[in-house]
Amino acid sequence: MRLAHLWDQSRCIACGACIAACNAANYRSSTGENKTWGWLRSNIKRIAVEKGPRPMLLLVQCQHCENAPCVTVCPTGASYRDVDGLVKINPALCIGCKYCMVACPYEARWLDEETGLPMKCMGEECLSRVKAGLRPVCVEVCPAGARAFGDIDDPTSEISRRLARSRYVRLLEEKGTSPKYFVVVGP
Amino acid sequence: AAQQTAQKTAAEEVKAPVICGACGAACGLIFVKRGDRMYLLPNLEHPQPGMCFRPASALQLWNHPLRLKKPLKRVGNRGEGKFQEVDWDTALNEIAQKLRDIVNKYGPESVAFTRHDVHSWILPFIASVLGTPNVVGHEGTCHNAPTVARGFVLGAGGPPSVDPDYENATYILLVGRNLDAAMGLVRQVAKARERGVKIVVVDPRAPNLAYSSVEWVPIIPGTDTAFVLSLINVIITRGLYDAAFLKKYTNAPFLIKPDGKPLTEKDLGGEGSAYLVYDNATKSLVPHDKAQDPALDYEGVVQTPQGEVRVKTAFKLLAERAAKYPPEEAEKITGVPAADIRRIAVEFATARGVAEDGWYAAKNGNELDLYMAILILNALVGNIDKRGGLCFQESAKYPNAVTTAAGKVVTIFQVCDVGITAQELPAPKAQRVDKVAYPLATSVFDALLDAIITEKPYPIKALFIVGTAPFTRDVNTEKLKQALSKLELVVAIDILPQDHVDWCDYVLPDLMFLERGEMGTMKWSLHAGVVYSEKVLDPPPGVDARNAFWALMEIIRRAFPEKAAAVGYTEKYADPHAFEEYEEAIKKAVIISLANAWNLDPARLEEELKAKGFYVFKKKSYEARPYKTPLGTPSGKVEIYALRALQYNRDPLPDWRPPLYKVPSAPDEFYLVNGKDQIISAHMVMVKNAKWIVDRTVWMNPVDAERLGVKDGDVVELEGLDNGFKAKAVVKVTNRVRPGVLFTYAMAGGRTSRLLTGEYEFLREGVNPEWFASGKLEPVSGSAATNASVRVRRL
């Protein structure tokens, strides 16, 4: 089993539902600042390309890499790749060294100053939802049909079916991370 | 441990369907409580499910630190924003005392209400109990123009009485509309994308929607009508129109006399009043419904008892009008390359496209022509009320709270007996102040301001501002201040300190949408349906907010107990909990009315609504209007030549007219356009998430920035070319706006209330685009120019 995220750039309308829903569900609508990113407390960040030939957007979050640098550098085993294919943090083992934050080429982790722990997708509530057979909140709320989540080893899953009929890229593949965040760029 | 938590929260999951109140679209949501976490998800069974940034941040609105917590009484001057907290009884009694004095002195019509979507169903009831016709909403800076156009061309009403069938469309043309709501439409577009729909977005700035796979056509502001007339020109000159549809279902073959009026049987000395056409089959003039093959391009001389009259078909007049805008001419006006205009016209016609018919449309003060042209464009390709076309919404037969007829106001309690003893109310004698100048408009707030200042047609002395934000909503900021200063009583009912709060004598804290029950017509779905929610939360600790409906009824009861008693409202409802029975009675009356209209069991309907949050009475059936049922136009046809416009001395054909503000002409002069996205509403831009998600800068194209030597993040001064108003703004250099144009979000920035403190000071960043608006309105439609032009000075 290899759970993965799909984000369809050709469909995303930048409505912000996924970003704010992540804050509501995983961080209890916290109004504190995510100082690492200069952003709200959400596991999804938005990057806009403002000076190219046309407006472009990229949503970035944990890529759940198969060869995750955050897992490699973690001295305690707190960051680990679970049997479901998701990269997770065991807070009981985390010593707050932040190596994982530095090692991630996607800068997908941010620091919760109150606990001193790194945060990332998936948040607690999304993990609990996935365990209960529900979709992560970012996927559940998306009105544009721009997101999917599921097992890429299962050819009948929605994500597998969508990947089979789409053109997609993976971010910073040249880093050897083997990321599982699929950016669809068109049919 | 994690596994145990998961099981525990899964077991404790609570779900309730709610109507989103974050904007006016009323999308379907589910309130979720899993363990100690609360959040909102879309109601995916609903025909029109959410969601977007706004409801996703709704819990931040619920326990917002700046929420109005207790009634406030002004202690400084109006505009100073100095208040003391008072208890509810004190506030209501003092307001009631002032209201009684004003009504006794100037009459009930001297009291006005202004509103947005929230509470809009019940406010006419409240106003009728008091006896004033003056409930004046936001439409003058929203959808007046397309609403009047829909009346002219399709005999239809306000949005969304007509809307594209997005789900089944093959080619969607969005002119100035960006699907910032409703999100159910975005879901429909997602389905249409599966089948390869093409979407064209015509807008001077790239809205969020343009991040997705669309063709963005960056047009010069205020020139959309020239663009659409040019599309019409290409479609007509290339013969790409649906002639069969035009002949049978539109007034295109009607013969028009030199005075602009249609030729009827009466003109020929006959008895009937049928509209005449030239029948190619019989080579004669016959009533339209008798013609076998009505000519679209006939021109000739007709013998009448009064002499010879030269007539031309409406279609020919339209063709002549559109001939003013061949693509090369339109390119000069719009900045859109002629080749693109030609290509889009051909694509639109051959794909039988659909062009969106306007919602949040007041931008340049020339939009009545634009939406007439857009509706005609849909008719030209015969795509009216067809699958994938511009469709009429099925009516839900949702009752009004009050209906005025024959000098009487009938309340819903007379229509449905739910145990409330109520009487008919006398209809207000006075005409609504804005209707005097703009009879066809839904509402014109600017006309209310004029009435306050001039006391014509009669004095307005009290204003209740209910769940709406005039300073960010309306043009003429200085006139608004003048009017607010002149009133004898100003009361705001709201959740957060919008800018007008500083100008009010009393401020009453309202419930937010998760804290109250609500029902309404299902909007932005072509099906006939009703939406429903029950309260899922109480206000957070320390917030003594109460339902605006209760507060207003209490004010009226305390001022005029006999008026309140006429609708069965007595002192027993002074307790807000007891009032829930009164609200419940109204809800029951609506349910009975709907159950009667659709032949359903009321108890069953209520049960379904509680369980699902919606009920669909009738699915959309295509090809009904005008094919089987005549339209509400004078001819019953689609009127590509608007006969109703003649009654108002208005051009019956669309034309391009310049915007109602000075057009930039120097290198440092720019258009300043404004708009929304799925992240904007007057309230949701005030939550903390909005600090990062909502942009409060002014956008400038890289070409302009380079020419002016302005860099990303620089501060510039903007000076309104029409009103000289000056303010500073931070520039964002971005390709999301065309050269020569600046963009800033409406409602998001430049907030001024003194009650905005601490970490919410971020709302003072940026500018409010309304500050620079010329304040001019379009005649007939009362649609304001919210866009403006400014001079940019580097600081």
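Owing to the predicted nature of the structure, the values given are computational and were not obtained by experimental measurement.

Participant: Explain the overall build of chain A to me, and be specific about the residues and the numbers.
Facilitator: What chain A contains, in helices and strands, is 6 helices and 12 strands. Computed over its C-alpha atoms, the radius of gyration of chain A comes to 16 Å, within 12% of the 16 Å expected for a compact globule of 187 residues. Taking the principal axes of the C-alpha coordinates as reference, chain A spans close to 45 × 35 × 35 Å. For chain A, the residues scored as buried account for 57% of the 187 residues in total. Excluding contacts between residues fewer than 6 apart, the proportion of contacts in chain A whose partners are at least 24 apart in sequence is 56%. As displayed, chain A has an accessible area near 7,600 Å², and 55% of this comes from carbon and sulfur atoms. Positive and negative side-chain charges of chain A, numbering 25 and 19 respectively, have mean locations separated by a distance of 3 Å.

Participant: Go over the confidence of the model for chain B, please, and point to the residues and values.
Facilitator: Should pLDDT be low for a region, the predicted coordinates there are not to be read in detail. Residues and elements named next belong to chain B. With 99% of its residues at a pLDDT of 70 or more, chain B has an overall mean of 97. Long-range and interchain partners of residues 1–9, a stretch whose pLDDT sits below 50, account for 6 contacts in this model, where long-range means more than four residues apart. Complex prediction metrics read pTM 0.97 and ipTM 0.98.

Participant: Break down the pairing of strand 32 (residues 741–745) of chain B for me, citing the residues and quoting the values.
Facilitator: Residue and element names in this part refer to chain B. Among the 5 residues that make up strand 32, 5 are buried, leaving the element largely enclosed by the rest of the structure. Burial along strand 32 is two-sided: Val741, Phe743 and Tyr745 facing one way and Leu742 and Thr744 facing the other are all buried. Note: strand 28 (residues 669–675) against strand 32, 5 bridges, orientation parallel. When the sheet's bridge partners are listed, Leu672 is paired in strand 32 with Leu742.

Participant: Please provide a residue-by-residue account of unusual backbone geometry, values included.
Facilitator: Residue and element names in this part refer to chain B. At the junction of Gly50 and Met51, the peptide bond is cis and its omega measures out at 10° in the coordinates. With respect to the element layout, Met51 can be found in the loop between strand 3 (37–42) and helix 2 (53–56). Here Ala181 and Ala182 are connected by a cis peptide whose omega angle stands at -10°. Considering the arrangement of structural elements, one finds Ala182 in the loop between strand 9 (171–175) and helix 7 (183–194). Phi at Ala26 takes a positive value of approximately 55°, unusual for a residue other than glycine. Residue placement: Ala26 occurs in the loop between strand 1 (14–19) and strand 2 (28–34). Positive phi, normally seen in glycine, also occurs at Val780, with a value near 70°.

Participant: Requested: an account of the packing of aromatic side chains, with residues and values cited.
Facilitator: All names here are of chain B. For the structure on display, the rule yields 34 aromatic pairs over all chains. Summarising the aromatic geometry, the rings of Phe245 and Tyr627 are spaced 6.0 Å apart at their centres and angled 55° between planes, so their arrangement reads as tilted. Note that Phe245 is positioned in helix 9 (residues 243–249) and Tyr627 in the loop between strand 27 (614–618) and helix 23 (643–647), a separation of 382 residues in sequence. By way of ring pairs, the aromatic residues Phe125, Phe413, Phe549, Tyr569, Tyr573, Phe579 and Tyr582 are connected into one cluster. It is Arg177 that lies over the ring of Trp524; its NZ or CZ is 5.4 Å from the centre.

Participant: Outline the sheet that holds strand 7 (residues 135–136) of chain B, listing residues and values.
Facilitator: Residues and elements named next belong to chain B. Read across the open sheet, the 7 strands follow the order 5-4-24-23-22-6-7; overall the sheet is mixed. Each end of this open sheet is capped by a strand with a single partner; those strands are strand 5 (83–85) and strand 7. Relative to strand 24 (residues 506–509), strand 23 (residues 489–494) runs parallel, the two being bridged by 4 bridges. Among the inter-strand pairings, Ala492 is bridged to a residue of strand 24, identified as Val507. Each of strand 6 (111–115), strand 7 and strand 22 (462–466) is contacted by helix 5 (residues 123–130), which is oriented at about 175° to strand 6, the strand it contacts most.

Participant: How would you sum up the interface of chain A and chain B? Please name residues and give values.
Facilitator: Interfaces are often sized by the amount of accessible area the parts lose when they come together. In this complex, chain A contributes 53 residues to the contact, which on the side of chain B involves 51 residues. Of all residues in chain A, the largest losses of buried area upon contact with chain B belong to A:Ile13, A:Glu50 and A:Pro55, amounting jointly to 16% of the total for that side. Applying the counting criterion to the chain A and chain B interface returns 7 salt bridges. One salt bridge connects B:Glu194 with A:Arg165, and the closest N-O pair in it is separated by 3.5 Å. The interface formed by chain A and chain B holds 25 residue pairs in polar contact (both at pLDDT 80 or more) in total. Counting only elements with at least two residues in the side of chain A that touches chain B, the list comes to helix 1 (17–26), strand 3 (39–40), strand 4 (45–49), strand 5 (56–60), helix 4 (124–131) and helix 5 (137–141) of chain A.

Participant: Got a sec to walk through helix 10 (residues 314–322) of chain B? Specific residues and values, please.
Facilitator: All names here are of chain B. Burial in helix 10 covers these residues: Ala314, Phe315, Leu317, Leu318, Arg321 and Ala322. Burial along helix 10 is one-sided: seen end-on, the buried residues are contained in an arc of 160°. Among the structural elements, helix 8 (224–237), helix 9, strand 12 (255–256), strand 16 (307–313) and helix 13 (367–380) are those in contact with the buried residues of helix 10.

Participant: Can you explain the environment of A:Ala78? Please cite residues and give values.
Facilitator: Take A:Ala78: it is sitting in the loop between helix 2 (69–73) and strand 6 (79–81). If sequence neighbours within four positions are ignored, A:Ala78 has contacts with A:Lys88, A:Ile89, A:Asn90, A:Leu93 and A:Cys94.

Participant: Can you explain the pattern of salt bridges? Please cite residues and give values.
Facilitator: Residues and elements named next belong to chain B. Across all of its chains, the model carries 82 salt bridges over all chains by this definition. Ionic pairing is found between Lys15 and Glu13, a salt bridge with its closest N-O pair at 3.9 Å. Between Arg546 and Asp544 there is a salt bridge; the shortest N-O distance is 3.2 Å. Linked by salt bridges that have partners in common, Arg321, Lys324, Asp369, Arg650, Asp651, Asp655 and Arg657 make up one network.

Scoring rules and cut-offs
- Residues numbered from 1 in each chain as written.
- Chains lettered and ligands numbered in written order.
- Predicted model: local features only at pLDDT ≥ 70, side-chain atom pairs only at ≥ 80, totals over all residues.
- Heavy atoms only, no water.
- Helix = DSSP H or I, 4+ residues; strand = E, 2+ residues; numbered from the N terminus.
- Rg over C-alpha atoms; globule rule 2.2 N^0.38 Å.
- Buried < 20%, exposed > 50% of the residue type's maximum accessible area, 1.4 Å probe, protein only.
- Contact = heavy atoms within 4.5 Å.
- Areas by Shrake-Rupley, 256 points an atom, 1.4 Å probe, with all protein chains shown as cover.
- Lys, Arg positive; Asp, Glu negative; His and termini not counted.
- Charge placed at Lys NZ, Arg CZ, Asp CG, Glu CD.
- pLDDT = per-residue confidence, 0-100.
- Pairing = 2+ DSSP bridges.
- Phe/Tyr/Trp six-rings, centres within 6.5 Å; stacked < 30°, edge-to-face > 60°.
- Lys NZ or Arg CZ within 6 Å of the ring centre and 35° of its normal.
- Axes fitted to C-alpha atoms, helices over the stretch in contact; angles between N-to-C directions.
- Buried area = accessible area lost by both parts, 1.4 Å probe.
- Salt bridge = Lys/Arg side-chain N within 4 Å of Asp/Glu carboxyl O.
- Polar contact = N/O pair within 3.5 Å; in protein donor to acceptor, adjacent residues only side chain to side chain.
- Arc of directions from axis to C-beta.

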